[in-house]
Amino acid sequence: MSGPDKVLRIAAWSGPRNISTAMMRAWENRPDTVVVDEPFYASYLARTNLEHPGREQVLASQDKDWRKVSTALTRTAVEGAQIYYQKHMAHHIFEDMMGAWLDELTHVFLIRDPASMVVSLDRVIPNPRLADTGLPQQLRIFERTSKRLARPPPVLSAMDVLDAPAVMLGKLCAQLGLAFLPAMLRWPSGPRDSDGVWAPYWYANVWKSTGFMPPSAAPTQVPDRLQPLLNACLPIYEKLYACRIKP
């Protein structure tokens, strides 16, 4: 357990265009868990001045000071739960933010095949940069955590989860010292109070879902203009993938 109240505070790090929201649904469906949705989003938008859908709503909904957010994630009491599952977008984190607060959390990493990821990301952020994928940030947090623990923290491949959700969530729970609950596999459709205010712009498919969807079998065609980004992603992805929890 971690934190002053002995709550297990799980920081789940993902890049965009992954199954991170479905994973948040799975954890929130446990009776012993509360979740928080992308708590650094307002900080990220304030720092980058990017125009995202619902920007002003996001900025108004969260604290924009990352230091206050990190303190809340590690210190604020969590009532009525034993697990505090934090859904994080790794690209929301900058180098100067990677401090001692990270060492107070239990880290999990969610990765996706970069060919599929960059093509999907390009649809919402035209001509994305490597930093937009979250992979460099994931690797820095992963390496910091590996050094502190003297072993790799858990890494999940999205494809593995979609292929065998019960198996992969069961193995993840075992690594975290938790019992797997079948409730993690099915959840009610529709929005949740825990969803960020940006949910209407991004969560349409998750709102329709009641569980993990089978993976697409269609091969991904990466256009030539995205090939340099894919080439930059692959070495980072392969380092993380080599440490993934195997089916």
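1. Notes on the pairing of strand β4 (residues 106-111)
Step number 1: Taking burial as the measure, the six residues of β4 include five buried ones, the bulk of the element.
Step number 2: Summarising the sheet, strand β1 (residues 8-14) and β4 pair through five bridges and their orientation is parallel. Residue pairing in the sheet places Ile10 in a bridge with Thr106 of β4.
Step number 3: Judged from the three bridges that link them, β4 and strand β5 (residues 155-157) form a sheet pairing that is parallel. Looking across to β5, one finds that Phe109 is bridged to Val155.

2. Considering helix α12 (residues 227-241)
Step number 1: When the terminal C-alpha atoms of α12 are compared, their 20 Å separation across 15 residues agrees well with the 21 Å that a helix rising 1.5 Å per residue should span.
Step number 2: Where α12 bends most, at Leu234, the angle is about 30°, and the proline Pro235 comes one to four residues later.
Step number 3: Within the span of α12, buried status applies to Leu229, Leu230, Cys233, Ile236, Tyr237 and Leu240.

3. Topic: unusual backbone geometry
Step number 1: Phi at Glu38 takes a positive value of approximately 45°, unusual for a residue other than glycine.
Step number 2: Tracing the backbone shows Glu38 in the loop between β2 (33-37) and α2 (41-48).

4. Here's the deal with the sheet that holds β4
Step number 1: Here five strands make up an open sheet; going across it, the order is β2-β3-β1-β4-β5 and the pairing parallel. What marks the edges here is a single partner per strand, and that holds for β2 and β5. Across the sheet, the mean angle from the axis of one strand to that of its neighbour is 20°, orientation sign disregarded.
Step number 2: Judged from the five bridges that link them, β2 and strand β3 (residues 83-89) form a sheet pairing that is parallel. Residue pairing for β3: Val36 is matched across the bridge by Gln86.
Step number 3: Relative to β1, helix α4 (residues 66-75) is tilted by about 130°, and along the sheet it contacts β1, β2 and β3.
Step number 4: Strands in contact with helix α7 (residues 135-149) are β1, β4 and β5; relative to β4, the strand with the most contacts, it is inclined by about 140°.

Conventions used here
Residues numbered from 1 in each chain as written. Predicted model: local features only at pLDDT ≥ 70, side-chain atom pairs only at ≥ 80, totals over all residues. Heavy atoms only, no water. Buried < 20%, exposed > 50% of the residue type's maximum accessible area, 1.4 Å probe, protein only. Helix = DSSP H or I, 4+ residues; strand = E, 2+ residues; numbered from the N terminus. Pairing = 2+ DSSP bridges. Expected span 1.5 Å × (residues − 1). Bend = angle between axes of the 7 residues up to and from the residue. Axes fitted to C-alpha atoms, helices over the stretch in contact; angles between N-to-C directions. Contact = heavy atoms within 4.5 Å.

The values reported here are purely geometric and, on their own, carry no functional implication.
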